[in-house]
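# Summary of the model geometry
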Amino acid sequence: MSKYYLNYLDELESEAIFILREVWAQFQNPVILFSGGKDSILVTHLAKKAFYPAKIPFPLMHVDTGHNFPETIKFRDDIIKELGVELIVGSVQESIDEGRVAEEKGKNATRNALQITTLLDAIESNKIDCAIGGGRRDEEKARAKERFFSHRDDFGQWDPKNQRPELWNLFNGKHFQGEHFRAFPISNWTEMDVWNYIKRENIAIPSLYFAHEREVVRREGTWIPNSEFLILEDHEEVVVKKIRFRTLGDITITGGDESDADTLEKIAAEVAGMRNTERGNRSDDKRSESAMEDRKRQGYF
């Protein structure tokens, strides 16, 4: 890795740490949205650096769909224990049981959109005024419209045309009662930056990101993990492939790639040669051209 690129990673790190400290300075009750994916792990690592030697001064919040990879839940619990921070869990299953949301039916059913209600309920009940996320502008076209400080109205909804200007390094977190913000400290990072930084800092990540043999089913051009939640059709066959995942979500919607990348160095080399986005294997993003933006307008991450 070149000296210039190391300096560039340092600049990205400094910017993200500045944003995290601004959140702590401007808001009363912020949280980190923690999914167990690489981006939320990165944000948590940066928060640890931002407030060292003290521990991270705000909780981590996880919206538990009940359809998570087991590896993700174990990683979440391990990192909470290691950091000694509070974990707030919003349960989609509880939202279903209480009649707040209705579960989808059919072979392509997902709980992804159901997270919106659970997330907004958790934000309201815990009086959260800023939720820090790991969204990056290169992930998806809707996320490219986000500010560092992204305003949400009193219904938790996002209007990309009604956001505050961000001039130089000035951020406006003022809001009325009931409104809140989402903050995105790694907005300017790319997937390649994330992997190079993880490699440089030797940050622990779930084994799902590394290539390993797994039972999968070919569906809609990608390899979907076999699980108790997957509804198989007659023509579909469960096979064993060496798979790795570029992004983690519900086990029912997260597609994997055939890969031999079983080290951070191999992952970085593989990502450098890819031309499709990391969310290209997420079936929830394939439902329509504006699937992500539609969900974000309703209050999604």
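The sections below set out a description of the structure shown in this document.

Thresholds, definitions, all that
Every residue gets a number counted from 1 within its own chain, in the order that chain's sequence is written. Where local features are concerned, this predicted model is filtered to residues with pLDDT of at least 70; where side-chain atom pairs are given and counted, the filter is 80 or more; whole-chain, interface and lining totals use all residues. Values reported for side chains reflect all heavy atoms of the structure, with hydrogen atoms and water molecules removed beforehand. Put simply, DSSP marks the helices as runs of H or I at least four residues long and the strands as runs of E at least two long, and each gets a number from the N terminus on. Each residue is assigned to one of three classes by its accessible area relative to the maximum for its type, calculated with a 1.4 Å probe on protein chains only: buried under 20%, partly exposed between the two thresholds, exposed over 50%. The contact criterion used is simple: two residues touch if any of their non-hydrogen atoms lie within 4.5 Å. Pairing of aromatic side chains here covers Phe, Tyr and the six-membered ring of Trp, requires ring centres within 6.5 Å, and sorts the geometry by plane angle: under 30 degrees stacked, over 60 edge-to-face, intermediate tilted. Criterion for a charge above a ring: Lys NZ or Arg CZ within 6 Å of the ring centre, and within 35 degrees of the ring normal. One bridge is not enough; two strands pair if DSSP finds at least two bridges between them. A cavity, in this analysis, means grid points on a 1 Å lattice covering only the protein atoms where a 1.4 Å probe fits yet has no way out; a pocket is instead an open set bounded by protein on both sides within 12 Å along at least five of seven lines, and a residue lines either one if it has an atom within 4 Å of a point. Grid points are joined across faces, edges and corners, and a volume is the space filled by probe spheres set on the points. Amino acid classes used here: Ala, Val, Leu, Ile, Met, Phe, Trp, Tyr, Cys and Pro are nonpolar; Asp, Glu, Lys and Arg are charged; the rest, including Gly, are polar. For helices, the fitted line uses only the C-alpha atoms of the stretch in contact; every axis is such a line through C-alpha atoms, and the angle between N-to-C directions lies from 0 to 180 degrees. Every angle not falling under 35 degrees, over 145, or within 65 to 115 is termed oblique; those three ranges are roughly parallel, roughly antiparallel and roughly perpendicular. Between N or O atoms, a polar contact is any pair within 3.5 Å; within protein, one atom must be a potential hydrogen donor and the other a potential acceptor, and residues adjacent in sequence are included only when both atoms are from side chains.

Counting secondary structure elements, the protein contains eight helices and ten strands. A burial count over the protein gives 52% of its 301 residues as buried. Across the protein, contacts joining residues at least 24 apart in sequence account for 73% of those joining residues at least 6 apart.

On to the packing of aromatic side chains. In total, this model carries twelve aromatic pairs according to the counting rule given. Relative to Phe149, the ring of Phe27 has its centre 5.6 Å away and its plane inclined at 55°; by these criteria the two rings are tilted. Placement of the pair is Phe27 in the loop between helix H1 (3–26) and strand E1 (30–33) and Phe149 in strand E5 (residues 149–152), with a sequence separation of 122 residues. As far as the burial class goes, Phe27 and Phe149 line up, both buried. Between Phe51 and Phe58, the ring centres sit 5.7 Å apart and the planes meet at 90°, which makes this aromatic pair edge-to-face. What makes Phe51 buried here is its relative accessible area of 13%. Relative accessible area serves as the criterion here: at 2%, Phe58 is assigned to the buried category. Three or more aromatic residues link up through ring pairs in this structure, and these residues are Phe18, Phe27, Phe148, Phe149, Phe171 and Phe181. When the ring centre of Phe148 is taken as reference, the NZ or CZ atom of Arg137 above it lies at 5.0 Å.

What follows concerns the sheet that holds strand E10 (residues 257–258). In spatial order, the strands read E8-E7-E9-E10; together these four strands make up an open sheet with antiparallel pairing. Of all strands in the sheet, those with a lone pairing partner are strand E8 (222–225) and E10, marking the two edges. Bridge count for strand E9 (residues 239–244) against E10 is two bridges, and the pairing is antiparallel. What sits directly across from Arg244, in E10, is Asp257.

Of the positions making up helix H6 (residues 191–201), those classed as buried are Glu191, Asp193, Val194, Trp195, Asn196, Tyr197 and Ile198. Following H6 by one or two positions, Asn202 has its phi on the positive side, about 55°.

Let's shift gears to the layout of surface pockets. In this structure, the largest pocket occupies an estimated 390 Å³ of space. Lining the largest pocket are 18 residues, and of these Ile123, Glu124, Ile128, Gly178 and Glu179 sit closest to its centre. The greatest single-element share of the lining of the largest pocket, amounting to five residues, is contributed by helix H5 (residues 115–125). Class assignment of the residues belonging to the lining of the largest pocket gives a composition of four nonpolar, six polar and eight charged.

Axis separation between helix H2 (residues 38–51) and helix H3 (residues 70–83) bottoms out at 13 Å; the angle between their running directions is 0°. With respect to each other, H2 and H3 are oriented roughly parallel. On H3, the residues touching Ile41, Thr44 and Lys48 of H2 are Phe75, Ile79, Glu82 and Leu83.

Let us look at the sheet that holds strand E6 (residues 180–183). Taken in spatial order, the six strands make up an open sheet running E3-E2-E1-E4-E6-E5, and their pairing is mixed. Single-partner strands in this sheet number two, and they are strand E3 (87–91) and E5. Recorded for the sheet is a direction-independent mean angle of 30° between the axes of neighbouring strands. Across the sheet, H3 touches strand E2 (60–64) and E3, and the angle it forms with E3 is around 155°. Across the sheet, H5 touches E1, E2, E3 and E6, and the angle it forms with E2 is around 145°.

Attention now moves to the pairing of E9. For a regular strand, side-chain orientation follows a simple rule: the groups alternate between the two sheet faces. Note that strand E7 (residues 212–219) and E9 share five bridges and pair antiparallel. Following the sheet pairing, His212 is matched in E9 by Ile243.

Looking at the element boundaries, Ser91 is found in strand E3. Only 3.3 Å separates the side chain of Ser91 from the backbone nitrogen of Gln93, close enough to count as a polar contact. Ser91 has contacts with Asp64 and Thr118, leaving out every residue within four places of it along the chain.

All right, on to the environment of Val217 then. On the secondary structure map, Val217 appears in strand E7. Assessed through its relative accessible area of 1%, Val217 is described here as buried. As a C-alpha pair, Val217 and Glu237 span 20 residues in sequence and 6.1 Å in three-dimensional space. Setting aside its immediate chain neighbours within four residues, Val217 contacts Thr222, Trp223, Ile224, Leu230, Leu232, Glu236, Glu237 and Val238.

So yeah, pure geometry; function would need other evidence.
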